[in-house]
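Listed here are the chains, written in short residue letters.
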Amino acid sequence: MKKFVLLVMASFFFLGVSARANEVSTPNQVADYYNLGTQYLKSDQYTKAIAEFKKALRVNPLDNSSKIQLTNAYLARAAYYNNKLGDYKNSANDLRSALFYMKYYDMNAVDAQTLTNIKITEGNLSSVLSAINADTSANGRFEAGKALRSQGEFAAAVTEFQASQMDKKYRKDSLIALGEIYYILNLNQQAANYLERALYDDPQNPDAHLKLARVYEKMGNADKAANAYNFALSKSNENQDILNSLENIWKQKIYNDPNNFEAHANLGAIYQKKGNIAGALEEYKTAERLNPSSVVTRLNLGTLFQQEKQYETAIEAYDSILKLYPNHMSAYYYKAQCLKALGMHDAAVQNYKLALSLDPDNKNIQDELFELYKKDMTPDEMLKYLYNEVQNSPNDPAKLYEYAYQLHKNNKLDDAIIYYKKSVQLDPANLNAYINLSLAYKQKSQIDNAMSVLKNAKTKFPNNEQVKKQYAQLEEEAKSLLYSNASKLYSQKKYKDALDLYKKISPQTVESLTAQGACCQLLNSYKSAITAYTKALELEPKNADVMYYLAQSYVNDDNNEQAMIYVKKSLELKPNNPDAKELLKYLNDHYRNNILAQAVSLYEKKDFAKAFPLFEKVLLLNPNESTAYYYCALIYDEQKKYWPAIESYKKALLANSNMYIALYSIAVDYDNLARYSQAYNYYKKYTDAVVEENEYTKYAKTRLSDLKSYATVKK
């Protein structure tokens, strides 16, 4: 990797302490940090220098001299890491930090020299990132920023987030991260700017509102802070940290202006949310005393009494508002809730309707009014009512969903499916719509459609346990149904159709793969059977039955060598399997017979040297193989080795007492050895055993006549 040149710009070093004459905030303390940092930098103690210059900037973020020297310290250490140690990762981090202080620390315009220095540093950083194969895509820069932030490398992280925020996909999150880091670094105006930009892209983001509220509060802008806190609070579940912050803001306002009735009313609202009813009531009364005509205060009093279930008192507060402002939607709405709680159904409906006439798109009012209607409706009336609602608002996903749900409850599955699908199209974030649509398909036994819906839901709600659980249940049911249908087809000998169903089971199991193998065997597709059984063994390597089935398939595919391997493995795991034993016997017999056939062929070609070892191999496999003994004896005869031949003929007879030709052969060999008494005895045994006339019996009888005098001679 090329070494980069340390950027030691004269204009930086020659600023000196005199350049700080107009700086503010504890100049002596800043000067001490600055001077110590400069000493460390001159003696190449870069890390210590960086720590001192950071201290100076924490005391006075506007101290330009410390910022310049801090930049030089980072650049010097980056060069040291790069040129001396070859530590490119740390070199990259220091270059990022240097860029932060040169380019992103403040919002001031830079001069030509600084701009040149920035370009050089950016080039150096690009070279280092290339050397370590860093991911410089928007995603890579964003992830690098997150990692650096978690390590406390805030300055370096800013440089990465500044790069990633140029991509639309990462802009909002990068801007929020930048706002957070600038807040940590006490650069509040920049923090506010970045968070405001994030909210421009996503105005409803509660996290950005909360972070911005804290920045505003730190900047002393209480009104903006309160607005941001209130928005964040509206999107949270009574977050205590937010409530505490708002409480402090309104207390400070009251301290500054005890007659600020809005501050008292807002403090009362905070107390109410925190459950401090007495404190809330006191603040509301103070606010009402300071401004008796305040609608906000009366409304808050009403909600306080409503919260305490003092519904009649709450209604009095709402009525007092309505006398002055007959078109006050919130007063009608809250009054309707109180009437509903008191069981005054008709009056509640009337007030809900009045509230809805003033705010026709208010979903809360719509839903609560509908809940009241539902109690008095028959199922048919409910469906008719909802149908009219859907016709009037065909693009309202909530109404479409409710109509689909009621259709579903009344077992009108086809219509329910239609409206669930419309609801999901308009509101893809409605989890219940996916779940119920899947259930409707399931009830119609359309398992594939049900699973398709839930698969879509899994992509949108990857961490939802209900979706995961229901999808898993459907998978099992789908498998069970496929198994059942496939088994029926198998029992009907429709093996091809059964095989097609078994293949659809997902994920595949040992059982489904074994069934596929069985179908393939019956379809004489032995290679496919082998593939299926092999996959089953990958899932369950010690399944003795699958090994046996695989061995069968190899036999059918004329691969007895592989068949032998698997049937032996099967018997190792399941020694008493009679089918496997029978198959092993068959394979051994087949193997032995093959060798015997080869040996006989070689004998017939008079290649005795190759034939004899094969006959011996047969006898090792089966010591009772009479044919092998007989042929070994024949080879001995060819070699005129009569005594070994006689022994082999006798072993052949022991293995097979009906091999009468061996009797004749023994007699001939004894005859050749001039052992006439033994020869006579074996000729006699042969002629006694073989009654049919043939050339051997004729010769044997001739020799019996010739050797008659040896008949009484003992062996």
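This is a predicted model, so every value here is computed, not measured. (Residues numbered from 1 in each chain as written. Predicted model: local features only at pLDDT ≥ 70, side-chain atom pairs only at ≥ 80, totals over all residues. Heavy atoms only, no water.)

(A) Representation of the overall build of the protein chain within the structure. Along the protein chain, the regular secondary structure elements total 38 helices and zero strands. For the protein chain, whose C-alpha radius of gyration is 48 Å, the value lies well above the compact-globule estimate of 27 Å for 715 residues. Within the structure as shown, the protein chain displays about 37900 Å² of accessible surface, and the carbon and sulfur contribution to it stands at 49%. One way to put it: in the protein chain the 89 positive side-chain charges average out to a point 5 Å from where the 82 negative ones average out. (Helix = DSSP H or I, 4+ residues; strand = E, 2+ residues; numbered from the N terminus. Rg over C-alpha atoms; globule rule 2.2 N^0.38 Å. Areas by Shrake-Rupley, 256 points an atom, 1.4 Å probe, with all protein chains shown as cover. Lys, Arg positive; Asp, Glu negative; His and termini not counted. Charge placed at Lys NZ, Arg CZ, Asp CG, Glu CD.)

(B) Up close: the packing of aromatic side chains. Using the criterion set out here, one finds 39 aromatic pairs in the structure. Here the aromatic rings of Y548 and Y549 are separated by 5.8 Å at their centres, their planes lie at 55 degrees, and the arrangement is tilted. You can call Y548 buried: its relative accessible area is 11%. Its relative accessible area of 29% is what places Y549 among the partly exposed residues. (Phe/Tyr/Trp six-rings, centres within 6.5 Å; stacked < 30°, edge-to-face > 60°. Buried < 20%, exposed > 50% of the residue type's maximum accessible area, 1.4 Å probe, protein only.)

(C) Representation of unusual backbone geometry. Here the amide bond leading from S506 into P507 is cis, since omega sits at -5 degrees, within 30 degrees of zero. Looking at the element boundaries, P507 is found in the loop between α27 (495-504) and α28 (510-522). For N186, which is not a glycine, the phi torsion comes out positive at approximately 65 degrees. You will see that K309, though not glycine, has its phi angle at about 65 degrees, which is positive. Position of K309 among the secondary structure elements: in the loop between α16 (295-307) and α17 (311-324).

(D) Region of the structure containing the environment of K574. On the secondary structure map, K574 appears in the loop between α31 (560-573) and α32 (578-604). For the pair K574 and T534, spaced 40 residues apart in sequence, the C-alpha separation works out to 18 Å.

(E) Quick peek at the pattern of salt bridges. Summed over the entire model, instances satisfying the criterion amount to 26 salt bridges. A salt bridge links K399 to E389, with the nearest nitrogen and oxygen atoms 3.0 Å apart. Here the residue K399 occupies a position in helix α22 (residues 397-409), and E389 occupies one in helix α21 (residues 379-392), the gap between them amounting to ten residues. Taking the relative accessible area as the measure of exposure, K399 reaches 18% and is therefore buried. Notably, a salt bridge pairs E465 with K468, separated by 3.6 Å at the nearest N-O pair. Of the two residues, E465 and K468 both sit in helix α26 (residues 465-491), three residues apart, roughly one turn of that helix. The exposure class assigned to E465 is exposed, which follows from its relative accessible area of 54%. Residues joined by salt bridges that share partners form a network here, namely K585, D589, R592 and E625. (Salt bridge = Lys/Arg side-chain N within 4 Å of Asp/Glu carboxyl O.)

(F) Looking closely at the nonpolar core. One finds F100, Y101, Y182, Y229 and W250 to be the most contacted residues of the largest nonpolar core, which totals 96 residues. At eight residues, the largest contribution of residues to this core is made by helix α5 (residues 88-104). When neighbours within four sequence positions are excluded, W250 is seen to be in contact with A226, A263, N266, L267 and I270. Among the nonpolar cores identified, the runner-up in size contains 42 residues, and Y603, Y630, Y631 and Y683 belong to it. (Core = buried A, V, L, I, M, F, W, Y, C linked by side-chain atoms within 4.5 Å. Contact = heavy atoms within 4.5 Å.)

(G) Spotlight on helix α7 (residues 138-150). Compared with an ideal rise of 1.5 Å per residue, which puts 13 residues at 18 Å, α7 spans 19 Å between its outermost C-alpha atoms and is within 8% of the ideal. Of all the positions in α7, only A138, G140, R141, F142, G145 and L148 are classed as buried. Tucked inside the fold, the buried residues of α7 contact α5, α6 (112-131), α8 (154-164) and α9 (168-184). (Expected span 1.5 Å × (residues − 1).)

(H) Representation of the side chain of S174 within the structure. Along the chain, the position of S174 falls in helix α9. Judged by relative accessible area, which is 0%, S174 ranks as buried. Setting aside chain neighbours within four positions, we find S174 in contact with F142, F161, S164 and Q165.

(I) Geometry of the layout of surface pockets. There is about 450 Å³ of room inside the largest pocket. As for the largest pocket, its lining consists of 21 residues, of which Q366, D367, F370, E389 and K399 are closest to the centre. At the level of secondary structure, the elements contributing two or more residues to the lining of the largest pocket comprise α19 (345-358), α20 (363-375), α21 and α22. Element by element, the count of residues in the lining of the largest pocket is highest for α20, at seven residues. (1 Å grid on protein atoms, 1.4 Å probe; cavity = no way out; pocket = protein on both sides within 12 Å on 5 of 7 lines; lining within 4 Å. Points joined across faces, edges and corners; volume = space filled by probe spheres on them.)

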